[in-house]
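Take a look at the letters that make up each chain.
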Amino acid sequence: MKNISNTIENYEPISKDIKFLPKSMIRLAILKTLYECPMNMREVNHETKINYSAISNNMHMLELGGYIYQENECYFLSNAMRIYMGNMLKLGQLMSLLERIAPITQNHIVRSLPLDSIYNFHHLDDANLIEADGLNVYKTYDLIEKAIKKSDCLNAILPFSYNNFNESINRIASKNKLIHLISPVDIKDFLLKNIKASRSNLRIDFLDFDEDDYLLLVCSDKKMMLGFFKEDGIYDQNRLLTSTNDKCIEWANELFNNFKKENLNEY
């Protein structure tokens, strides 16, 4: 929440510039280039391949507007412009990501994602959308089971009990791997019959889930997997977001911790 508040506060002074900057793709290209690192005019020309006179004219306009400043022949983004460009690039990543994964976000319960995790959702830019096909309707379950088996540590939100998952969890728990599970309290008795929770390396938190809390998250040291429920309350077993990228795994672990913070009524 602190990051979001800071972004909003910093965004207000430059909100008037939203109409000015996107009107010119040249200005946006220059700003994006300078966002990467300070450059002189010739270096910007080399990086963008834009006509030198057009670069000179637009950089002059940007400098007059206070968006960039010059120092020792190099041009730098102003602090406010750096924040603005950072948010624009994140928005671009997010829009591209949402378009690509629309089958798992549209008409699904995504309200279960904590606000802080939504703010950093663009970190999943490297994630892949896996979809089951007619040849293997349990494709996503098989992938989750394999990921659990290969885990050296595991954080997971399991909204339902599935025997193959339970067996895999018991198997890696017997090897003293660290495991932390979060599940709804209404499956507590059934889950405890199938998972040996007495081990010191296995922790299970049973929380009182609301109808908007349901999601599936499996996050190991090697892979993250994220699944959603459809608006009718049924888990979508045909679609799964997955990645082995370190940034995605870090985001998934943060989601796990954020989810737990937002659901404090432990049983």
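Everything discussed here concerns the structure shown above.
In what follows, the accompanying structure is described. All of these numbers come straight from a predicted model, not from anything done at the bench.

### With respect to unusual backbone geometry
Within the chain, Asn-72 stands out as a residue other than glycine whose phi angle is a positive 55 degrees. For Asn-72, the position within the fold is in the loop between strand 1 (68-71) and strand 2 (74-77). Residue Asn-72 is classed as exposed on the basis of its relative accessible area, which comes to 71%. Look at Asn-176: it is not a glycine, yet its phi comes out positive at around 65 degrees.

### So, helix 9 (residues 163-173)
Here helix 9 has its buried residues at Phe-165, Asn-166, Ser-168, Ile-169, Asn-170, Ile-172 and Ala-173. Where helix 9 is buried, its residues meet helix 8 (139-149), strand 4 (153-157), strand 5 (178-184), helix 10 (188-194) and strand 7 (215-220).

### Some thoughts on the pattern of salt bridges
Counted according to the given criterion, the structure contains nine salt bridges. Here Lys-177 and Asp-152 are joined by a salt bridge, their closest N and O atoms 3.2 Å apart. Of the two residues, Lys-177 sits in the loop between helix 9 and strand 5 while Asp-152 sits in the loop between helix 8 and strand 4, which places them 25 residues apart along the sequence. With a relative accessible area of 40%, Asp-152 lands in the partly exposed category. Lys-222 is the partner of Asp-152 in a salt bridge, and the nearest nitrogen-oxygen pair spans 3.1 Å.

### As for the sheet that holds strand 7
Strand order in this open sheet of seven strands is 3-9-8-7-4-5-6, and the pairing throughout is mixed. Among the strands making up the open sheet, the edge pair consists of strand 3 (128-131) and strand 6 (202-207). On average, each strand axis in the sheet is tilted by 15 degrees relative to the strand beside it, whichever way the strands run. Here three bridges tie strand 8 (residues 224-228) to strand 9 (residues 239-243), and the two strands are oriented antiparallel to one another.

What counts, and at which threshold
Residues numbered from 1 in each chain as written. Predicted model: local features only at pLDDT ≥ 70, side-chain atom pairs only at ≥ 80, totals over all residues. Heavy atoms only, no water. Helix = DSSP H or I, 4+ residues; strand = E, 2+ residues; numbered from the N terminus. Buried < 20%, exposed > 50% of the residue type's maximum accessible area, 1.4 Å probe, protein only. Contact = heavy atoms within 4.5 Å. Salt bridge = Lys/Arg side-chain N within 4 Å of Asp/Glu carboxyl O. Pairing = 2+ DSSP bridges. Axes fitted to C-alpha atoms, helices over the stretch in contact; angles between N-to-C directions.

Treat this as a map of the structure, not an account of what it does.
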